[in-house]
Amino acid sequence: MAERSKLLVIDGNALLHRAWHALPNLQTKDGRLVNAVYGFLLVFLKVTKELKPTHLVVAFDRREATFRHEAYDGYKATREKQPDELYDQLPILKEVLAAFHVVTVEAAGFEADDLIGTIAARAAKENLPTVILTGDLDALQLVNKTTSVYTLRRGLTDGVIYDEKAVFDRYGLTPSELIDFRGLKGDPSDNLPGVKGIGEKTAALLIKKYKTLEKLYDTLEKDESLKAPLTKRIQELLRTYRENAFMTRQLSVINCDAPCAESMSDLEAQPPDIDAVVALFQQLAFTSLLAKLPESAKTRERQNGSHEDRQRQEHYLLVNDDKAFDQVLKKIKEQQIFALDTETTDINPFAATLLGLSFSWSEGEAYYIAVAKHAEYLEALRPILESSSVKKWGHNIKYDMEVLRQAGVSLAGIAGDTMVASYLLNPGSRSHDLNTVTFTEFGHRKIPITHLIGEAKGEQKSMADVPLDELAEYACEDADYTYRLSKKLGQALQDNGLAKLFATIEVPLIPVLATMEENGIKLDPAILGRLSSRVSKRLTELEQKITTLAGTSFNVASPKQLGHILFEKMKLSTSGISKTKTGFSTAAAELDKMRGSHPIIDAILEYRELAKLRSTYLDALPAMIDSKTNRLHTSFNQTITATGRLSSSEPNLQNIPVRTELGAEVRNAFIAESGMLLLSADYSQIELRIVASLANDATMLGIFKRGEDIHQATAARINNVSLAEVTSTMRYAAKEVNFGVLYGMGAWGLASRTGLSNEEARSFIDRYFSTFDGIKQYLDEVVVSARKLGYAETLFGRRRYLPELNSGVAQVRQSGERMAVNMPVQGTAADIMKLAMIRVFDLLPGISPRTKLVLQVHDELVLEVPREEVALVGKVVRDSMVVVASLAAPIEVNMKAGDSWGNLKAFNIV
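Residues numbered from 1 in each chain as written. Predicted model: local features only at pLDDT ≥ 70, side-chain atom pairs only at ≥ 80, totals over all residues. Heavy atoms only, no water.

Some points on the overall build of the chain
For the chain, the count of helices and strands is 37 helices and 26 strands. What you see for the chain is a C-alpha radius of gyration of 33 Å, in line with the 29 Å of a compact globule of 910 residues. Taken along the three principal axes of its C-alpha coordinates, the chain extends 105 × 80 × 55 Å. A burial count over the chain gives 53% of its 910 residues as buried. Partitioning the intrachain contacts of the chain with sequence separation of at least 6 by distance along the chain shows that 67% fall at a separation of at least 24. Accessible surface, the chain as shown: approximately 41200 Å² in total, 49% of it carbon and sulfur. Here the chain carries 109 positive and 118 negative side-chain charges, and the mean point of each set is 4 Å from the other. (Helix = DSSP H or I, 4+ residues; strand = E, 2+ residues; numbered from the N terminus. Rg over C-alpha atoms; globule rule 2.2 N^0.38 Å. Buried < 20%, exposed > 50% of the residue type's maximum accessible area, 1.4 Å probe, protein only. Contact = heavy atoms within 4.5 Å. Areas by Shrake-Rupley, 256 points an atom, 1.4 Å probe, with all protein chains shown as cover. Lys, Arg positive; Asp, Glu negative; His and termini not counted. Charge placed at Lys NZ, Arg CZ, Asp CG, Glu CD.)

So, in structure tokens, the structure goes:
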């Protein structure tokens, strides 16, 4: 046996269960849940990298009853059966482990623990150090001089290794004493009773003193004058449940002589079959795990390859001299469509320097033109790049468009974006980067950018410093696979009925978003500075108030300390509050349930809201102003939300509080340039108008057609009063239900948001659906349809795939039903807004060339308009937003204008 040999034994079922509960749903393109397999592999790759085992085995349970079930009918009888989605992942995991050449063992009538114990015992005889990886602390009884246990404390990343000392430090017992300890305390998870009434602390004290059950009971029978820990109560419990104690101990013993034919030589770790692993990772969309694969020579060869190997496989050419450029330019001029990609020095397009352009119009063929060293090359390419008749594909081509604009070239003729295409086909995934999509679609691992610039953040070199031949190979591969994806994903869009949506909404939106990002919006940092000072003062006051109410000083921002104060020191009610592994949760949603129960809760909620506002906006936004334009430039993301709505980042302007006074004050800092005004066009209750139209509900459509206040009219009908008799409380409850039905809100949700009792809320919702029976029928039908088709879709054909609807997990299935109800409504609203943006963008140059689209947030479009042209532009914008879609309910747009986003005044347009 080699001196540094080490055996790693993994409890397969325990680790798979841990991963299942630790990770949210993760699905393949065909709807298979694979979160447990993914989590297992995360831990597997991490631990094997850390421990570098020379021997490796994974043990699994089998479905058959074991000798423990035969000995005790109640063994594990109370354990809840896990959903089929978990068990269905077991064969997938075993297939992956086979590709890693990992030995797996299982035996009828025995648990994985028994096989683990048997293998560890054999390893001990050969003096082979062994680590058992498990989430089950039962295995601690196996710890000895050669065997330790690696267990996970929280999630999948926080691990601890138990050797003999660590076991004693935790329990005050030796590993062998843990079996008798368990005999007393029992194990609820296995339905082993132990001695009822004796918990972990008392059990540990008894075994620490008496060592075994035999000695404990022997002492109990011989000595009548016993003292603590053998109080009279404990003595009675021990006598009453003696049989349970010995039975529990017997069933807790891990059998170290289970049938297992494998010898230590059989368990020697083998290099993985990289081809098989990569193929499986492709099927399972485990792209992010590629970087975690073991760095074997075979892995490096497949991942990197040599430059000469790649040259043999593909025709990638660096264009860095006039002769080569003339030849390539001639070829480019012959193309009617191609894929292009830019190489730059920065991910921020407005701070980046253009280094070069790569082109591809045939699989395996691409050209990189080094324009940074040859400005005349870019000038020669300009007519082609700016031609609308020459079609271009890109991957996140919005970035390329912005970079080229900074270089003075207006890219035109955008035919498609493979990132957007991937998103339309897989809207539930957030991984649409070129590396991931290339791997998922072709099983090809592109050159990681870290191979060019380095991995350590802060030490990475600029792309400008990468040798040209390496940069060219990297850039050509990008263009080549973008071209290949344009063919494959373009066909998939056709096959899935998404080509029209792609061509008429998503692709035309790209130049709109690029222009909006380039436009940016002016920000007044002085306003935010004054607001930050005010908020800081208020935070100090709140901190003093909170600590006074708590009766002690503590870190108000610490969830752990806060939980201790609220639930242990102050003994506040924990009714309805979720628990975490460290105690009762102090998350915002949980504290919100406690609002009004004690003054400290309201103070904490206000403190948190203000602290987040200060860090996210008041202090952060001024630092993000571009020094060249003196404006703030956010990024609008078209491939993030599953419903099709745009999101924004760097900074996220979607989350500025809308209804609070402070939120309005933050918006006051977004201002118009001198001589300009900000014009806001906001769709009025668009989602309700959409659901009324989709459901063809005569009552709700009538309200909209008469121009009545939808919430007031709803309240009047539900409460059987006239419009004039509707109170603000009635209207608020009606408003909550009107919007809540779109998100599947039930009686409990309405009650918590309105102050109604659960019974009142349930009655309110019943009356609501009785009033709007068309809405009720539509909501039921859309869930049935989505379950049948596998997806819900918008009026314009945007789809959201919902495998959750067929889940055996009630919580997951109910979540899928809420998504099925919401998608057609919110997704259609998103499509309508995008169509409006495209129409307005196309019309503005002929109406008001100085007007700029600057923001899109929720259902609102914000423009910066010359003061004297506000009425003209307002009419064009309103009319454009109204006519882009035809609904049964009339579409209305609220128009406002002002010097700042937070101080807009309504105005009428004739």
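A few points about the packing of helix α10 (residues 213-222) against helix α11 (residues 232-240)
Between α10 and α11, whose axes approach to 11 Å, the crossing angle comes to 115°. Handedness of the crossing formed by α10 with α11: left-handed. Between α10, through Leu216, Tyr217 and Leu220, and α11, the contact on the second element is made entirely by Gln235, Leu238 and Arg239. (Axes fitted to C-alpha atoms, helices over the stretch in contact; angles between N-to-C directions. Left-handed = near helix turned anticlockwise from the far one by under 90°.)

Thoughts on the pairing of strand β24 (residues 860-866)
Counting buried residues in β24 gives 7 out of 7 residues, a clear majority hidden from the surface. Judged from the 7 bridges that link them, strand β20 (residues 676-683) and β24 form a sheet pairing that is antiparallel. Along β24, the bridge assignment pairs Leu677 with Val865. Strand direction decides the pairing type here: strand β23 (residues 852-857) and β24, joined by 5 bridges, are antiparallel. Paired with Leu855 across the bridge in β24 is Val862. Here β23 folds back onto β24, and the loop between the two strands holds 2 residues, one of which, His858, carries a positive phi near 55°. (Pairing = 2+ DSSP bridges.)

Observations regarding a negative patch on the surface
Negative charge collects at one region of the surface, where Asp321, Asp322, Asp326 and Glu376 lie side by side. With respect to the element layout, Asp322 can be found in helix α16 (residues 322-333). (Patch = residues over 30% accessible without salt bridge, like charges linked within 9 Å, V, L, I, M, F, W, Y side chains within 5 Å. Salt bridge = Lys/Arg side-chain N within 4 Å of Asp/Glu carboxyl O.)

A look at the nonpolar core
Counting residues in each nonpolar core, the largest one holds 126 residues, and the members touching the most others are Leu566, Phe670 and Leu863. With 13 residues, helix α36 (residues 810-847) is the largest single contributor of residues to this core. Among the nonpolar cores identified, the runner-up in size contains 53 residues, and Leu329, Tyr377, Ile384 and Trp393 belong to it. (Core = buried A, V, L, I, M, F, W, Y, C linked by side-chain atoms within 4.5 Å.)

Here we look at the pattern of salt bridges
The final tally for this structure, using the stated rule, is 40 salt bridges. Of the charged contacts, one joins Arg595 and Asp592 as a salt bridge, the two residues approaching to 2.7 Å between their closest N and O atoms. With relative accessibility at 41%, the residue Asp592 sits in the partly exposed group. With its nearest N and O atoms 2.9 Å apart, the salt bridge here joins Asp879 to Arg878.

What about the packing of helix α9 (residues 200-210) against α10?
Viewed as axis vectors pointing N to C, α9 and α10 meet at an angle of 90°, and their least axial separation amounts to 9 Å. In terms of their interaxial angle, α9 and α10 are classed as roughly perpendicular. For the pair α9 and α10, the contacting residues are Leu206, Ile207 and Tyr210 in the first and Leu213, Lys215, Leu216 and Thr219 in the second. Looking at the contact of α9 with α10, its residues break down into 5 nonpolar, 1 polar and 1 charged. (Parallel < 35°, antiparallel > 145°, perpendicular 65-115°, else oblique. Nonpolar A, V, L, I, M, F, W, Y, C, P; charged D, E, K, R; others polar.)

Remarks on a nonpolar patch on the surface
A cluster of nonpolar residues, Leu843, Ile847 and Leu872, forms a patch on the protein surface that exposes about 220 Å² of accessible area. Locating Ile847 in the fold gives a position in helix α36.

Overview of the packing of aromatic side chains
Throughout the structure, instances matching the rule amount to 18 aromatic pairs. Seen in terms of ring centroids, Phe40 and Phe44 are 6.4 Å apart; in terms of plane orientation they differ by 25°. Their pairing is stacked. Of the two residues, Phe40 and Phe44 are both situated in helix α2 (residues 35-51); the distance of 4 residues between them amounts to about one turn of the helix. Phe40 gets classed as buried once you look at its relative accessible area, which sits at 0%. Seen from their ring centres, Phe338 and Phe359 are 5.3 Å apart, and the 75° between their planes marks the pair as edge-to-face. Remark: Phe359 occurs in strand β9 (residues 354-362) and Phe338 occurs in strand β8 (residues 337-344); sequence separation between them is 21 residues. According to the relative accessible area criterion, Phe359 is buried, its value standing at 0%. Through a chain of ring-to-ring contacts, three or more aromatic side chains come together here, namely Tyr38, Phe40, Phe44, Phe100, Phe281 and Phe286. Positioned above the aromatic ring of Phe60 is the side chain of Lys94, whose terminal nitrogen or guanidinium carbon lies 5.0 Å from the ring centre. Directly above the ring of Tyr474 sits Lys446, whose terminal nitrogen or CZ lies 5.4 Å from the centroid. (Phe/Tyr/Trp six-rings, centres within 6.5 Å; stacked < 30°, edge-to-face > 60°. Lys NZ or Arg CZ within 6 Å of the ring centre and 35° of its normal.)

Observations concerning the sheet that holds strand β25 (residues 893-898)
The strand order across the open sheet formed by 5 strands is β23-β24-β20-β25-β26, and the pairing between neighbours is antiparallel. If you trace the sheet from one side to the other, it starts and ends with β23 and β26 (905-906), each paired once. Bridge count for β20 against β25 is 6 bridges, and the pairing is antiparallel. Paired with Asp682 across the strands is Asn894, a residue of β25.

Some thoughts on unusual backbone geometry
For the bond from Glu650 to Pro651, the omega torsion is 5°, close enough to zero to count as cis. Here Pro651 shows up in the loop between β18 (647-649) and α28 (661-667). Although it is not a glycine, Lys52 adopts a positive phi angle of roughly 50°. Take Lys52: it is sitting in the loop between α2 and β2 (55-59).

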